[in-house]
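One letter stands for each residue in the lines below.
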Amino acid sequence: MADTAENIIPVRLSSTISSDSVNDIKGRRSQELIVGLCGAMGSGIKSLKEQMILCLKQNGYHVEHIRISDLIAEFSKVNTTSLNNYQRYNTLQDLGDKLRETHGHFICAELAVLSVQERREAIYGNDTSELTKNTKKTAYIIDQIKHPSEVELFHQVYKNNFYQVGLLRTVSERIQNLKDEGIESENITKIIERDRKSKNKNGQQVEETLQLADYFVKNLDTDVMRRSVLRFIDLIHGVNHITPSKDESGMYSAYSASLGSACLSRQVGASIMDFNGNIIATGRNDVPAFGGGLYTSESSKDKRCFNKNGCHNDRHKSLLKNEIKNILEKYKLKDADHLADEIMKETKAKYLIEYSRAVHAEMDAIVSLARNTNIGTTGNTLYCTTYPCHVCARHIVAAGIKRVVYIEPYEKSLALQLHDDTICQPDHSPSSDKVLFENFEGVAPKRYAKFFGYNRKRKDAQGKPINYSIEESYHVDTQYLDSYGDYESKVIQNLKSKFEINI
Ligand SMILES: [Zn+2]
């Protein structure tokens, strides 16, 4: 349970002996924030950065802004100031690719970590840097993250203090934004695609990075964005009595359902919500059981894939590869095995999913509703942790679902290509006569329990609500500065002092 900052005395861990070991440890909670921004090219990261800095400063934070593109240019000793916008984007993408190729995929994040340390020492001085982490509210805005490896390093270093904020904007708005920057149409397509998913393995992978966000913001207009950023900062500190939106609640149910899946490939979850916000069904991807539903850990004859010769989709794709190889050999082609491998990896064959034994999460949710209730699916919203495949998509349409909300993209899905007469996206022929597939906005499921859980006393002795300020609050997802070994030593130090006093 979180306490107000004034109740806890921040200390250097070994400086004093006390009778309250818990208080000693609580005093070692960090008050720093590391906020990584991520958004596709043209999504308006500059506005998000400005709002984030403004809102954090309003709430008593000292803010440092770290631009990774500046670090890349500086480290590569290239001056980009005289270039036009397209040349600058292109040059920075080239430099970033080269840096990752030469120094590994973590290099941009490593440079940012160095910058965080240098900034801290420049403000607070080297000798006090340890104490400043738990006494000064300081936020470092990392602008911006382009590769999943960078997210991984920030999480490893800063743990709970690191938050990734994902910015969402429709493709048409992003294109217009880049046009307004004076970039030619043919160049816009090139830099957007390279930014989204570079063919170079050392290149930018923003689509994959974006889905790792802890909080998703839609760039609709400045006021909406500011309100969303303020809500995010309130949630980090557990203030203002905030509860989940319908979408956050629906996605958390979907995520929770996904955890029941034992699929060897991936865990996917879905939930269906009615107009009033009630969850009326959930689903996960796994193997069906006789009598209805899917196998569970309590099934008497559990024949999920871990218990039945592994992944059958992989097995049948391997059999298909052998069939291709046999045909190539029949025509006396050299390296038939290698060629068959290439065909499986470089064609749509790599996307084959129909040999899987699993019922997909979306289908499981729809079938569960049909099997267990007479409520019906028409007009409801389906939440899914991953964008639906084209097979599920057509069942979602047939079920009368009105809206689909998802987090992860799914490259294998041809939902929009095959069913654009009945499915739309906010940036792809939106229409009230089609099922709307749209990105999730709000708190990602992985932070949901921390942000919305009861974290400290909410009412006073008279039962009146207590309102806390951000200035007096620690983060609800606590990050301690030391290892458990350090706390063990501290507790033993305090214990020994008690014996010396008592003896
Ligand atoms: Zn599916």
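Check the entry above for the structure.
Calculation notes
- Residues numbered from 1 in each chain as written.
- Predicted model: local features only at pLDDT ≥ 70, side-chain atom pairs only at ≥ 80, totals over all residues.
- Heavy atoms only, no water.
- Helix = DSSP H or I, 4+ residues; strand = E, 2+ residues; numbered from the N terminus.
- Contact = heavy atoms within 4.5 Å.
- Disulfide = S-S within 2.5 Å.
- Buried < 20%, exposed > 50% of the residue type's maximum accessible area, 1.4 Å probe, protein only.
- Salt bridge = Lys/Arg side-chain N within 4 Å of Asp/Glu carboxyl O.
- Pairing = 2+ DSSP bridges.
- Axes fitted to C-alpha atoms, helices over the stretch in contact; angles between N-to-C directions.
- Core = buried A, V, L, I, M, F, W, Y, C linked by side-chain atoms within 4.5 Å.
- Donors = N, O, S within 2.8 Å, 3.2 Å for Na, K, Ca; no water.
- Expected span 1.5 Å × (residues − 1).

Visitor: Is there a simple way to explain the side chain of Lys-146 in this structure?
Guide: Within the secondary structure, Lys-146 sits in the loop between strand 3 (138-143) and helix 7 (148-158). Aside from chain neighbours lying at most four places away, what touches Lys-146 is Gly-39, Arg-100, Asp-195, Gln-204, Gln-205, Val-206 and Thr-209.

Visitor: Please explain the state of the cysteines as it appears in this structure.
Guide: This structure, assessed with the given rule, holds zero disulfides. Left without a disulfide partner, Cys-55 is nearest to the cysteine sulfur of Cys-38, which lies 20 Å away. For Cys-55, a relative accessible area of 0% corresponds to the buried category.

Visitor: What is the right way to look at the environment of Glu-471 in this model?
Guide: Note that Glu-471 resides in the loop between helix 18 (445-452) and helix 19 (484-502). Note on Glu-471: relative accessible area 46%, which makes it partly exposed. Placed 410 residues apart in sequence, Glu-471 and Tyr-61 show a C-alpha to C-alpha distance of 8.4 Å. Among all residues touching Glu-471, those that are not within four sequence positions of it are Gln-58, Asn-59, Gly-60 and Lys-137.

Visitor: Is there a simple way to think about the pattern of salt bridges in this case?
Guide: When their charged atoms lie close together, side chains carrying opposite charge are able to pair. By the definition in use, this model includes 28 salt bridges. Between Arg-447 and Asp-214 there is a salt bridge whose closest N-O contact spans 3.0 Å. Here Asp-214 lies in the loop between helix 10 (206-210) and strand 5 (215-218) and Arg-447 lies in helix 18, a separation of 233 residues in the sequence. By the burial criterion, Arg-447 is buried, and Asp-214 matches it. Each of the salt bridges in this network shares a partner with another, and the network as a whole consists of Asp-94, Asp-97, Arg-100, Glu-150 and Arg-194.

Visitor: Any chance you could explain the sheet that holds strand 6 (residues 269-273) here in plain terms?
Guide: Sheets are built from strands that pair by backbone hydrogen bonding, the pairs being arranged parallel or antiparallel. Read across the sheet, six strands follow the order 7-6-8-9-11-10 without closing on themselves; strand pairing throughout is mixed. Two strands bound the open sheet, and with one partner strand each, they are strand 7 (279-284) and strand 10 (423-424). Sheet topology places strand 10 next to strand 11 (residues 435-439); two bridges connect them, and they run parallel. Paired with Ile-423 across the two strands is Val-435, which belongs to strand 11. Strands in contact with helix 16 (residues 390-399) are strand 8 (381-386), strand 9 (403-408), strand 10 and strand 11; relative to strand 11, the strand with the most contacts, it is inclined by about 130°.

Visitor: It is not clear to me how the nonpolar core should be interpreted in this structure. Could you clarify?
Guide: Here is a general trend for soluble globular proteins: nonpolar side chains tend to be buried in one another's company. Residues Leu-48, Met-52, Leu-56, Phe-232 and Phe-451 are the most contacted members of the largest nonpolar core, which totals 32 residues. Going through the elements one at a time, strand 1 (32-39), helix 2 (45-58), strand 3, strand 4 (162-168), strand 5, helix 11 (222-237) and helix 18 are the ones with two or more residues in this core. Other than its neighbours up to four places away in sequence, Leu-48 contacts Leu-37, Val-165, Leu-167, Met-225 and Val-229.

Visitor: Sorry, what's going on with the coordination of the zinc ion here?
Guide: Ideal geometry at a metal centre gives angles of 109.5 degrees when four donors are arranged tetrahedrally and 90 or 180 degrees when six donors are arranged octahedrally. Protein coordination of the zinc ion is provided by His-360 (ND1), Cys-389 (SG) and Cys-392 (SG), with donor distances spanning 2.0 to 2.3 Å. If you list the donors of the zinc ion from N- to C-terminus, the spacing comes out as H-x28-C-x2-C. Here His-360, found in the loop between helix 14 (336-346) and helix 15 (361-372), pairs with Cys-392, found in helix 16; they are 32 residues apart in sequence, far enough to count as distant. In this structure His-360 comes out as partly exposed when scored by relative accessible area, which is 22%.

Visitor: It is not clear to me how helix 13 (residues 312-330) should be interpreted in this structure. Could you clarify?
Guide: At 3.6 residues per turn, the α-helix brings residues three or four places apart onto the same side. Its 19 residues give helix 13 an end-to-end C-alpha distance of 27 Å, which sits within 8% of 27 Å, the value for a rise of 1.5 Å per residue. What helix 13 keeps buried is the set His-312, Asn-313, Lys-317, Lys-321, Ile-324 and Leu-328. Buried residues in helix 13 make contact with helix 14. Of the residues trailing helix 13, Lys-332 is marked for its positive phi of about 60°.

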